[in-house]
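Spelled out from the first residue to the last, the chains are:
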Amino acid sequence: MEPAALQLNRLLRSPATALFAASLALAVLPTVVFGPALIDDAYITFRYAENIASGRGFVFNVSDGPILGTSTPLFTLLLAAGRTAGAPLPTLAMALSVLGAALTFFSGILLFRQAGGTRQPVWAGLTWAAVLTTSPHWIFTMISGMETILFVGLGTSALAAAAARRRHTAALLAGLTVLTRYDGWALALIVLAWIVWDSKRQAWLSLVLFAATQIPWVVYALATFGSYVPHSVEAKRVIQPRLFSENLLTQLRFLAGRLEGMPTARFNLYLLVFFLVGIALLAFKRSRILALPLWGLASLLGFSASRILIQSWYLAPELVAFSWVAVWGVWALCGLRNPDCGMRIEEVRSERGTADPPIEHPESGIPNPKSPIRSSQSAFRNPQSAIHWFLPVLVAVVLIAVHLRAVLPHYRRWPLDLIHRERVYLEAAGWIRAHALPGASVLVGEVGAVAWALPECRVIDSSGINSDRVLRARRADRVRIERSGARLRIPDSGTPEWVREVIRAERPDYLVTVDTFLHLDTLRAEDWFKETYAQKVIYRAQVGATETARISIYARERRPISPAL
């Protein structure tokens, strides 16, 4: 048996280890340059994780009982496990994002190799990873504290495993992807269909392994929450209704680099040509890698049909799939011009089973740099080959330069400008913590940051994501609006009536919100409100270059609230 020290030495010197180290180095760059910029939604998951780690259970408010207000059970449980060990939740969230990014890059580079489209697949994949990691949207999602990047990393790894015919590994990774975010079902169905099509007789074990990842959570969710579907899904449909066409247009604008709140980097339309080339060549090769753009398409159509307002962090699968196919298309297009530096007809035949596969590293499946087929020296046998080999690198450098030109001039104030309101909410929560009694109830406009900062308080979520009573009030209010014939506003703040109903039922000790979220501009002029609540603090939150929002804290004066209001 080989000594452990020798095994470790071989592992550290393997091409796979070197490639993962390069992927990890690229993954950590956004965090090092920009630091964390946690958005409000991330704090919702933090509160669930904190309650689990503290022994209160999988709850948002202990007194309200279990409500599934998060759609990322695996990410929540990982955070809770790390918190139990004493690690701070924001640090854990950032670490999981870095891990997810490293998995995305590593798996994407392996997919370049498995697509068989270039003489230098590792370098081609690295150019794609560099383009992606400098994208404004990728940077923002990386440092937002959300589960998105881990979700994409697991999904891309599942596709890479399936492409390598590691069916059991692919099924397990697909299961973990679903547990990380519910829309992972789009990826899981593609991977499982791929496995069944590839090996009908042996697919049953892979299906069993996938089911083993899902059954425990399904049973727990049904027994604890009474539903497998998160409460947050219905709440978002009630307060943020959208048409299919509106959601589709939002996502197409995103792929064109026109997402509101992001630094301008509108070059993606130019990548469309290379994307179409990549899709055409993958289809011509009948490549298994078509599953990656199929995942992006399924995600795009699924969210369009969800009737939920599209948020930027939903769109990571589309970004990964679009950028991967586009960059691969650049390299493949170069290969059509010159087979010495790109796609070889032998590789096309090999994928169809009519030629011997290229020589690979025996352990990792990564091309051996000494292979005569993959030799880098052959790319420079003549000046034309050298020019064609460097052309894709030049395109990647231009794309990276466009990204950096959009991002770096703003790095001292973006993306921190996007979370200025969250920082003010945390400051407001500090004031309440200093003045409130344990167990005080707080009605908030945006729930995440305040709720996480007030673990001993009962926090009432105005969106209904974590509150069944509020959801019922919002649903009834929407019915009234629809019956009146008025057009819903997006996002829908409803009418003041639902706020009156919630205050009458919940009798919150404090109100903390941007005034427009709880219709305070209207309510504070009403006599009942002035008799019951006193304004204590006013904060100003910068929400745009010239726009500010007023965040107010109101405290109940211990007078009874009239049932009739």
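This structure is a prediction, so every number in the text was calculated from the model and none was measured. (Residues numbered from 1 in each chain as written. Predicted model: local features only at pLDDT ≥ 70, side-chain atom pairs only at ≥ 80, totals over all residues. Heavy atoms only, no water.)

Enquirer: Kindly report on the nonpolar core, identifying the contributing residues and their values.
Expert: One finds Trp-324 and Val-512 to be the most contacted residues of the largest nonpolar core, which totals 143 residues. Examining the composition of this core, we find that 16 residues originate from one element, helix 5 (residues 89–115), more than from any other. Dropping the residues within four chain positions of it, Trp-324 is found in contact with Gly-108, Leu-111, Phe-112, Ala-115, Trp-128, Leu-282, Ile-289 and Leu-292. Formed by 16 residues, the second largest nonpolar core is a distinct cluster that contains Val-499, Val-502, Trp-528 and Tyr-554. (Core = buried A, V, L, I, M, F, W, Y, C linked by side-chain atoms within 4.5 Å. Buried < 20%, exposed > 50% of the residue type's maximum accessible area, 1.4 Å probe, protein only. Helix = DSSP H or I, 4+ residues; strand = E, 2+ residues; numbered from the N terminus. Contact = heavy atoms within 4.5 Å.)

Enquirer: I'd love a proper account of the pattern of salt bridges, names of residues and values included.
Expert: In the structure shown here, the tally under the stated rule is 19 salt bridges. The salt bridge involving Arg-181 is made with Asp-183; its shortest N-O contact spans 2.7 Å. Using a relative accessible area of 22% as the deciding quantity, one classes Asp-183 as partly exposed. Among the ionic contacts, a cluster of salt bridges with common partners joins Asp-64, Arg-458, Arg-469 and Glu-506. (Salt bridge = Lys/Arg side-chain N within 4 Å of Asp/Glu carboxyl O.)

Enquirer: Summarise the packing of aromatic side chains; cite the residues concerned and give the values.
Expert: Counted under the stated rule, the structure contains 26 aromatic pairs. The structure contains a cluster of three or more aromatic residues connected by ring pairs, namely Tyr-48, Phe-58, Phe-60, Trp-217, Tyr-220 and Phe-225. Taking the ring centre of Phe-60 as reference, the NZ or CZ of Arg-47 above it sits at 4.8 Å. In this structure, Arg-474 packs its charged tip against the face of Trp-498, placed 4.2 Å from the ring centre. (Phe/Tyr/Trp six-rings, centres within 6.5 Å; stacked < 30°, edge-to-face > 60°. Lys NZ or Arg CZ within 6 Å of the ring centre and 35° of its normal.)

Enquirer: Outline the pairing of strand 3 (residues 510–514), supporting the account with residue identities and numerical values.
Expert: For strand 3, the buried fraction is high: 5 of the 5 residues fall into the buried class. The side-chain alternation of strand 3 yields two buried faces, one formed by Tyr-510, Val-512 and Val-514 and the other by Leu-511 and Thr-513. In the sheet, strand 1 (residues 441–444) pairs with strand 3 via 3 bridges, with the strands oriented parallel. Its bridge partner lying in strand 3, Val-444 is registered against Val-512. Of the pairings in the sheet, the one linking strand 3 to strand 5 (residues 548–556) comprises 5 bridges and is antiparallel in character. Residue pairing for strand 5: Tyr-510 is matched across the bridge by Ala-555. (Pairing = 2+ DSSP bridges.)

Enquirer: Quick one: what's the story with the packing of helix 4 (residues 73–84) against helix 5, residue by residue and with numbers?
Expert: Where helix 4 contacts helix 5, the axes come no closer than 9 Å and their chain directions differ by 130°. As judged from the angle between their axes, helix 4 and helix 5 are oblique. Regarding helix 4 and helix 5, the two cross each other, and that crossing is right-handed. When helix 4 is examined against helix 5, the residues Phe-75, Leu-78, Leu-79, Gly-82 and Arg-83 are found in contact with a partner set consisting of Leu-89, Leu-92, Ala-93 and Leu-96. Taken together, the residues of the contact of helix 4 with helix 5 sort by class into 7 nonpolar, 1 polar and 1 charged. (Axes fitted to C-alpha atoms, helices over the stretch in contact; angles between N-to-C directions. Parallel < 35°, antiparallel > 145°, perpendicular 65-115°, else oblique. Left-handed = near helix turned anticlockwise from the far one by under 90°. Nonpolar A, V, L, I, M, F, W, Y, C, P; charged D, E, K, R; others polar.)

Enquirer: Provide a residue-level description of the sheet that holds strand 2 (residues 458–461), including the pertinent values.
Expert: Taken in spatial order, the 5 strands make up an open sheet running 2-1-3-5-4, and their pairing is mixed. With partners counted over all chains shown, the strands left at the sheet margins are strand 2 and strand 4 (533–542), one partner each. The sheet shows a mean angle of 20° between the axes of neighbouring strands, taken without regard to direction.

Enquirer: Tell me what's going on with the packing of helix 13 (residues 244–255) against helix 15 (residues 291–304), and back it up with residues and numbers.
Expert: Axis separation between helix 13 and helix 15 bottoms out at 8 Å; the angle between their running directions is 140°. The pairing of helix 13 with helix 15 is recorded here as oblique in orientation. Residues Phe-244, Asn-247, Leu-248, Gln-251, Leu-252 and Leu-255 of helix 13 lie in contact with helix 15, whose contacting residues are Ser-299, Leu-300, Leu-301, Phe-303 and Ser-304. Considering only residue class, the contact of helix 13 with helix 15 consists of 7 nonpolar, 4 polar and no charged.

Enquirer: Please give an account of empty space enclosed by the protein that cites residues and values.
Expert: Scanning all chains against the criterion turns up 2 cavities of 30 Å³ or more. If you add up the space inside the largest cavity, you get close to 40 Å³. Lining the largest cavity we find Thr-127, Val-327, Val-330, Trp-331, Pro-392, Val-395, Ala-396 and Leu-399. If you list the elements that add at least two residues to the lining of the largest cavity, you get helix 16 (316–337) and helix 18 (383–407). The class makeup of the residues in the lining of the largest cavity is 7 nonpolar, 1 polar and no charged. Its boundaries defined by the atoms lining it, the second largest cavity holds a volume of some 30 Å³. Arg-47, Glu-50, Asn-51, Ala-451, Trp-452 and Pro-455 are the residues that line the second largest cavity. If one sorts the elements of the lining of the second largest cavity by residue count, helix 3 (residues 40–53) sits on top with 3 residues. Of the residues assigned to the lining of the second largest cavity, the class counts are 3 nonpolar, 1 polar and 2 charged. (1 Å grid on protein atoms, 1.4 Å probe; cavity = no way out; pocket = protein on both sides within 12 Å on 5 of 7 lines; lining within 4 Å. Points joined across faces, edges and corners; volume = space filled by probe spheres on them.)

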